[in-house]
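Reading the structure
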Amino acid sequence: MDKYVSWMAVLRMLSGSAEIIAALLMLRFNQVDKALAVNSTLALVGPTILILTTAIGLTGMAQELSWGKLGWIGCGVAFLLIGILKK
């Protein structure tokens, strides 16, 4: 199994686990303000996992791609992050 794919999958499993734990915490707290606080922390987890997973994938593919293609991919990731994080 490819080590890059393994690390990408592990990060996604951690992200999914964080989502499930957050949902359980929201149910346990049973208060809107605390549930909103838990949900707000997930706003940090999602983009972080996206950046890390993409970086690992690009590292694995770097030998196969030209600098031009890596630049376009980098622009795409930047646009995704701007769209996600801009308020």
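Taking 1.5 Å as the rise per residue, helix H3 (residues 67-85) with 19 residues should run 27 Å; its terminal C-alpha atoms sit 26 Å apart, in good agreement. Here the buried face of H3 lies against helix H2 (32-61).

Moving on to the packing of aromatic side chains. A full pass over the atoms with the stated rule returns zero aromatic pairs. If you follow Lys34 out to its NZ or CZ, it ends over the ring of Phe29, 5.8 Å from the centre.

This brings us to the confidence of the model for the protein chain. Averaged over every residue, the pLDDT of the protein chain is 90; the share at 70 or more is 100%. Here H3 stands out as the least confident element of the protein chain, with mean pLDDT 86; helix H1 (residues 3-29) is the most confident, with 95.

So, on to a nonpolar patch on the surface. Judged by side-chain polarity, Trp7, Val10, Met13 and Leu14 come together as a nonpolar surface patch covering roughly 440 Å² of accessible area. Checked against the element boundaries, Met13 lands in helix H1. Residue class for Met13 comes out exposed when judged on its relative accessible area of 54%.

Further remarks concern the packing of H1 against H2. Between H1 and H2, whose axes approach to 9 Å, the crossing angle comes to 175°. Relative to H2, H1 is oriented roughly antiparallel. Broken down by class, the residue content of the contact of H1 with H2 amounts to 17 nonpolar, six polar and three charged.

Two elements in contact, H2 and H3, have axes separated by 11 Å at closest approach and are oriented at 175°. In terms of axis orientation, H2 runs roughly antiparallel to H3. Residues Pro47, Leu50, Ile51, Thr54 and Leu58 of H2 lie in contact with H3, whose contacting residues are Leu70, Ile73, Val77, Leu81, Ile84 and Leu85. Taken together, the residues that form the contact of H2 with H3 break down as ten nonpolar, one polar and no charged.

Quick look at the environment of Thr41 now. Counting through the fold element by element, Thr41 comes out in helix H2. Considering only alpha carbons, one finds Thr41 and Ile56, 15 residues apart in sequence, at a separation of 23 Å.

Within the chain, Asn30 stands out as a residue other than glycine whose phi angle is a positive 55°. Along the polypeptide, Asn30 turns up in the loop between H1 and H2.

In this section: H2. The first and last C-alpha atoms of H2 sit 43 Å apart over 30 residues, in line with the 44 Å expected at 1.5 Å per residue. Within H2, burial applies to Ala35, Val38, Leu42, Pro47, Ile49, Leu50, Thr53 and Gly57. Structurally, H2 contributes buried residues whose contacts are with H1 and H3.

Parameters at a glance
Residues numbered from 1 in each chain as written. Predicted model: local features only at pLDDT ≥ 70, side-chain atom pairs only at ≥ 80, totals over all residues. Heavy atoms only, no water. Helix = DSSP H or I, 4+ residues; strand = E, 2+ residues; numbered from the N terminus. Expected span 1.5 Å × (residues − 1). Contact = heavy atoms within 4.5 Å. Phe/Tyr/Trp six-rings, centres within 6.5 Å; stacked < 30°, edge-to-face > 60°. Lys NZ or Arg CZ within 6 Å of the ring centre and 35° of its normal. pLDDT = per-residue confidence, 0-100. Patch = residues over 30% accessible without salt bridge, like charges linked within 9 Å, V, L, I, M, F, W, Y side chains within 5 Å. Areas by Shrake-Rupley, 256 points an atom, 1.4 Å probe, with all protein chains shown as cover. Salt bridge = Lys/Arg side-chain N within 4 Å of Asp/Glu carboxyl O. Buried < 20%, exposed > 50% of the residue type's maximum accessible area, 1.4 Å probe, protein only. Axes fitted to C-alpha atoms, helices over the stretch in contact; angles between N-to-C directions. Parallel < 35°, antiparallel > 145°, perpendicular 65-115°, else oblique. Nonpolar A, V, L, I, M, F, W, Y, C, P; charged D, E, K, R; others polar.

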